[in-house]
Amino acid sequence: MNLTKKKIVYLITLCLLAVVIVMALGVVGETNEVFLLSFTGTGKVDAISNRQVYLGGQPIGVEIRPNGLMIESILPVVTKDGVVTPLGDCDIKKGDLLKQINGQKVMSSEDISAVISNADKENIQLSLTRNGNDFTVTAKAVMDSISGEYKLGLSVSDATDGIGTLTFVDTKDGRYGALGHPISEIYGKDGNNSVNGFICGANVFSVYKGEKNRAGELVGNLVKEVKLGSIDTNETQGIFGEYTGDTSCLKKISVAPHKSVKPGKAQIVSSAFTGKPTYYDIEIIKACKQEKDKPKGILYRVTDERLIKLCGGIVQGMSGSPIIQKGKLVGAVTHVFLSDSTKGYGTYIDWMIDK
């Protein structure tokens with residue numbers, strides 16, 4: 001009886017040992033899988049970590065052209081029979097992209113006039129895009145009694161411009177990244193991110209300080225004679241293109257991946273107020289976990305009294321200002337809170353590299 005009990009205990013022990021071994025093998029397998037996934041991620045992190053770029057921070061002028069004409073407004077036309085609005089009953093809205101008239105591409109107001117002058121005035125077809133969706137409207141052109149020209153009553157723009165900040169120039173291929181967010185007036189209008197335009201020098205001669213419920217702004221003008229590069233992409237993490245400016249005066253800096261970003265001390269870089277790259281202290285309040293291209297990964301607060309005194313914190317035109325932590329480029333300024341101009345969001349540099 002005692003022997004039997006011992007055998008039973010022995011067998012149970014063997015069974016338990018076998019189970020433990022199987023479980024151990026399972027854990028090892030699971031650990032290897034996790035390790036391999038982690039290894040893959042580490043490889044990507046190392047690829048970013050080993051990169052060097054030229055550090056930006058300087059204000060730039062930006063002029064960007066969509067693949068068509070942006071609708072600004074629908075206007076009345078004065079005719080011999082009174083004031084009429086040819087497009088008044090058409091579903092055309094501010095921000096729509098006009099791409100063709102009667103099948104012909106239009107890229108300027110002059111193009112519109114030229115197409116209409118040679119068209120059947122009773123049957124003008126306009127091809128437009130709204131948020132990536134194409135649609136067509138038909139209208140009649142009427143004669144403007146003042147100019148004697150046939151018109152549709154359209155106000156359009158062929159470009160949008162402003163001041164932003166250069167984030168980096170890649171030492172590898174000469175491509176740059178700026179703004180950290182899209183130019184919203186054009187982004188997504190025709191369903192793709194391809195655009196035409198250029199970046200150039202910018203003179204900043206004043207600043208409106210940020211106040212509660214009102215964003216501040218850099219005040220200046222574009223120096224179009226000083227071309228710095230082309231713009232070929234306008235997407236969620238900024239504008240991108242080939243940099244043709246002088247990089248000899250730009251500092252090289254290593255890039256750090258988003259997983260290395262931690263709450264704590266950091267800096268932003270801007271030359272808007274001093275004419276040279278100046279580091280201003282910020283505190284990263286939160287570094288969001290992101291595994292893919294997303295905005296607003298970094299929540300920060302400006303702590304540098306110099307910057308707060310100069311402009312209240314962050315103002316429009318500073319979008320793209322590099323964010324530095326532990327001596328490495330980790331992101332770019334993208335947003336400011338209307339309720340508190342010392343606080344805002346940034347995007348991780350991972351999502352701007354290789355665009």
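These numbers were taken from a predicted model, which means no experiment stands behind them.

A. Structural detail: the overall build of the chain. Within the chain, the secondary structure is distributed over 3 helices and 25 strands. The buried share among the 355 residues of the chain stands at 43%. Residue pairs in contact within the chain that sit at least 24 positions apart in sequence constitute 69% of those at least 6 positions apart. In the form shown here, the chain has an accessible surface area of approximately 18500 Å², with 54% of it arising from carbon and sulfur atoms.

B. Layout of the nonpolar core. Membership of the largest hydrophobic core comes to 22 residues, with the highest contact counts inside it found for Ile268, Ile282, Leu307, Ile314, Met318 and Ile323. Listed by contribution, the elements that provide at least two residues to this core are β19 (264-270), β20 (278-287), β21 (298-302), α3 (305-311) and β24 (328-336). In contact with isoleucine 323, not counting residues within four places along its chain, are Gln267, Ile268, Ile282, Ile298, Lys328, Leu329, Val330, Gly331, Ala332, Val333 and Gly346. Counting 21 residues, the second-largest nonpolar core is a separate cluster that includes Val106, Ile124, Ala141 and Leu154.

C. Molecular detail of the pattern of salt bridges. Tallied over the entire structure, the rule returns 18 salt bridges. In this structure, lysine 224 and glutamate 63 form a salt bridge, with 2.7 Å as the shortest nitrogen-oxygen distance. One end of the pair, lysine 224, is in strand β16 (residues 216-235); the other, glutamate 63, is in strand β2 (residues 59-65), with 161 residues separating them in the sequence. For lysine 224, a relative accessible area of 36% translates into the label partly exposed. Taking the relative accessible area as the measure of exposure, glutamate 63 reaches 7% and is therefore buried. Through salt bridges that share partners, Arg51, Asp170, Lys172 and Asp354 make up one connected network.

D. Up close: the sheet that holds β21. Within the closed barrel, the 6 strands sit side by side as β19-β20-β21-β25-β24-β23. Their pairing is antiparallel. Sheet twist, expressed as the average angle between the axes of neighbouring strands with direction ignored, equals 45 degrees. Of the pairings in the sheet, the one linking β19 to strand β23 (residues 322-325) comprises 2 bridges and is antiparallel in character. Its bridge partner being in β23, isoleucine 268 is matched across the sheet by isoleucine 323.

E. Layout of the side chain of serine 319. Along the chain, the position of serine 319 falls in the loop between β22 (315-316) and β23. The exposure class of serine 319 is buried, given its relative accessible area of 13%. Separated by 3.0 Å, the side chains of serine 319 and histidine 181 make a polar contact. Not counting the four nearest positions on each side in its chain, serine 319 is found in contact with Gly164, Thr165, Leu179, His181, Val333 and Thr334.

F. Helix α2 (residues 109-117), seen in detail. If you check which residues of α2 are buried, you get Ile112, Val115 and Ile116. The arc enclosing the buried residues of α2, seen along the axis, measures out at 95 degrees, which places them on a common side. As for α2, its buried residues are in contact with β3 (69-74), β6 (97-101), β7 (104-105), β11 (150-151) and β12 (154-157).

G. View of the packing of aromatic side chains. In the structure shown here, the tally under the stated rule is 2 aromatic pairs. With a centroid separation of 6.4 Å and an interplanar angle of 70 degrees, the aromatic rings of tyrosine 176 and tyrosine 243 are classed as edge-to-face. With a gap of 67 residues between them, tyrosine 176 in strand β14 (residues 175-178) and tyrosine 243 in the loop between β17 (238-242) and β18 (252-254) connect regions that are remote in the sequence. For tyrosine 243, a relative accessible area of 12% corresponds to the buried category.

H. Spatial organisation of the confidence of the model for the chain. Here the chain averages 85 in pLDDT, and 84% of its residues register 70 or above. Counted against residues more than four places away or in other chains, residues 5-9, with its pLDDT under 50, gives 0 contacts. Across residues 19-45, where pLDDT falls below 50, the model places 2 contacts with residues more than four positions away in sequence or in other chains.

I. Structural context of a nonpolar patch on the surface. On the surface, Val78, Val83 and Ile146 cluster together to form a nonpolar patch covering roughly 300 Å² of accessible area. On the basis of relative accessibility, which here comes to 58%, the residue valine 83 falls in the exposed class.

J. Representation of the pairing of strand β13 (residues 160-170) in the model. Judged by how many residues are buried, β13 sits mostly within the fold: 8 of 11 residues are covered. Across 3 bridges, the pairing between strand β1 (residues 52-55) and β13 is antiparallel. Bridging from a neighbouring strand, valine 53 pairs with aspartate 170 of β13. Relative to β14, β13 runs antiparallel, the two sharing 3 bridges. Looking at the pairing, leucine 166 lines up with alanine 178 of β14. The hairpin turn running from β13 into β14, its antiparallel successor, is 4 residues long, and glycine 174 in that turn takes a positive phi close to 80 degrees.

K. Representation of unusual backbone geometry in the model. The residue asparagine 213 is not glycine, and still its phi comes out positive at about 70 degrees. Here asparagine 213 shows up in the loop between β15 (194-208) and β16. A positive phi is found at lysine 296, a non-glycine position, where the angle reads about 55 degrees. Considering the arrangement of structural elements, one finds lysine 296 in the loop between β20 and β21. By relative accessible area, which is 39% here, lysine 296 ends up partly exposed.

Reading the values: the criteria
- Residues numbered from 1 in each chain as written.
- Predicted model: local features only at pLDDT ≥ 70, side-chain atom pairs only at ≥ 80, totals over all residues.
- Heavy atoms only, no water.
- Helix = DSSP H or I, 4+ residues; strand = E, 2+ residues; numbered from the N terminus.
- Buried < 20%, exposed > 50% of the residue type's maximum accessible area, 1.4 Å probe, protein only.
- Contact = heavy atoms within 4.5 Å.
- Areas by Shrake-Rupley, 256 points an atom, 1.4 Å probe, with all protein chains shown as cover.
- Core = buried A, V, L, I, M, F, W, Y, C linked by side-chain atoms within 4.5 Å.
- Salt bridge = Lys/Arg side-chain N within 4 Å of Asp/Glu carboxyl O.
- Pairing = 2+ DSSP bridges.
- Axes fitted to C-alpha atoms, helices over the stretch in contact; angles between N-to-C directions.
- Polar contact = N/O pair within 3.5 Å; in protein donor to acceptor, adjacent residues only side chain to side chain.
- Arc of directions from axis to C-beta.
- Phe/Tyr/Trp six-rings, centres within 6.5 Å; stacked < 30°, edge-to-face > 60°.
- pLDDT = per-residue confidence, 0-100.
- Patch = residues over 30% accessible without salt bridge, like charges linked within 9 Å, V, L, I, M, F, W, Y side chains within 5 Å.

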